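# A look at the structure
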Amino acid sequence: MTEPTPTAPKAADAHHLIYVADPMCSWCWGFAPVMTRVLDAYGSRATLHMIMGGLRPGTTHAMDAEQKSFIRGHWENVAARSGQLFDYSLFERDDFIYDTEPACRAVVTARNLDHRLAYAMMHAIQKAFYAEARDVTDADELMSLAGTVGLNTGIFRTAFESEDARAYTAQDFATTQQAGVPGFPTLLLGDGGSALNLVSNGYQAFEPIAARLETLLATSG
């Protein structure tokens, strides 16, 4: 897997976690508490790098009744399994376009401005969208969220609207597709060389992920 931005971990890093996700992926929201535990437990042993997968980038049509029913059912399944909070009032809107590119670009922008804030930006967008029914396809909403994680909102807005940000985001999507990532969330561990090891794909509890990471960290370079 090629890591696509100047803020990606360098080969000299002993280990790095690669988290492939989309802020508007409901299973990624369900996985958020687990991922936070992973970072709390292993963040000092493996540098985090986030790659945006692109769940529905470039969508141009508002959800119809059939799509709303399908997606709501999916959210309810995630809520039941993960215990995460969902606000379903989004489905009362007739004009919402489920385009995940702006939210992904916001995380990419945060990553490029300060890679330490990328995960915080991802989590802020997830919470705003799923738990608060805020429209995270809107640039003003994303700028406000950037401010809550410690980014300068003016600098963020300029970077977010740049062609570079769009290109980096498209590169993330292409990297995900070329690597054959089977779905989101996906977590991998790099060993500082060329090897990437799959830690988890899809929603999983913390314990099997921790066991897998302990094994990989003990046996990789």
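The structure we're discussing is the one just above.
Here goes a summary of the coordinates provided. (Residues numbered from 1 in each chain as written. Predicted model: local features only at pLDDT ≥ 70, side-chain atom pairs only at ≥ 80, totals over all residues. Heavy atoms only, no water.)

## What to know about the pattern of salt bridges
The full count for this structure, using the stated rule, is 14 salt bridges. Between Glu 76 and Arg 72 there is a salt bridge, with its nearest N and O atoms 3.1 Å apart. Taken as a pair, Glu 76 and Arg 72 lie in helix H2 (residues 65-82) at a separation of four residues, close to a single helical turn. A residue is classified by how much of its surface remains accessible, and Glu 76, at 38% relative accessible area, is partly exposed. (Salt bridge = Lys/Arg side-chain N within 4 Å of Asp/Glu carboxyl O. Helix = DSSP H or I, 4+ residues; strand = E, 2+ residues; numbered from the N terminus. Buried < 20%, exposed > 50% of the residue type's maximum accessible area, 1.4 Å probe, protein only.)

## Remarks on the packing of helix H3 (residues 101-113) against helix H6 (residues 153-160)
With their axes 10 Å apart at the nearest point, H3 and H6 run at an angle of 120° to one another. As summarised for this structure, H3 and H6 are arranged oblique, according to the angle between their axes. The interaxial crossing formed by H3 with H6 has right-handed handedness. Contacts from Pro 102, Arg 105, Ala 106, Thr 109, Ala 110 and Leu 113 of H3 reach H6 at Ile 155, Phe 156, Ala 159 and Phe 160. (Axes fitted to C-alpha atoms, helices over the stretch in contact; angles between N-to-C directions. Parallel < 35°, antiparallel > 145°, perpendicular 65-115°, else oblique. Left-handed = near helix turned anticlockwise from the far one by under 90°. Contact = heavy atoms within 4.5 Å.)

## Brief notes about the side chain of Asp 99
Within the secondary structure, Asp 99 is located in the loop between H2 and H3. One buried charged residue, Asp 99, remains without a salt bridge, the closest side chain of opposite sign being Arg 105 at 6.8 Å. A polar contact is formed between the side chain of Asp 99 and the backbone nitrogen of Gly 58, at a distance of 2.8 Å. Discounting chain neighbours no more than four positions away, the residues touching Asp 99 are Met 24, Arg 56, Pro 57, Gly 58, Thr 59 and Thr 137. (Lys, Arg positive; Asp, Glu negative; His and termini not counted. Polar contact = N/O pair within 3.5 Å; in protein donor to acceptor, adjacent residues only side chain to side chain.)

## Some points on the sheet that holds strand S4 (residues 196-201)
The strand order across the open sheet built from four strands is S2-S1-S3-S4, with neighbouring strands paired in mixed fashion. Because the sheet does not close on itself, it has two edges, and the strands there are strand S2 (47-52) and S4. Looking at each pair of strands side by side, their axes are set apart by 25° on average, direction ignored. One ladder, built from five bridges, connects strand S1 (residues 16-21) with strand S3 (residues 186-190); its direction is antiparallel. Bridged to Ile 18 within S3 is Leu 188. Along the sheet, helix H1 (residues 26-42) contacts S1, S2, S3 and S4; its crossing angle with S1, the most-contacted strand, is approximately 170°. Here helix H7 (residues 163-179) sits on the sheet and contacts S1 and S2; the angle it forms with S2, its principal contact strand, is near 95°. (Pairing = 2+ DSSP bridges.)

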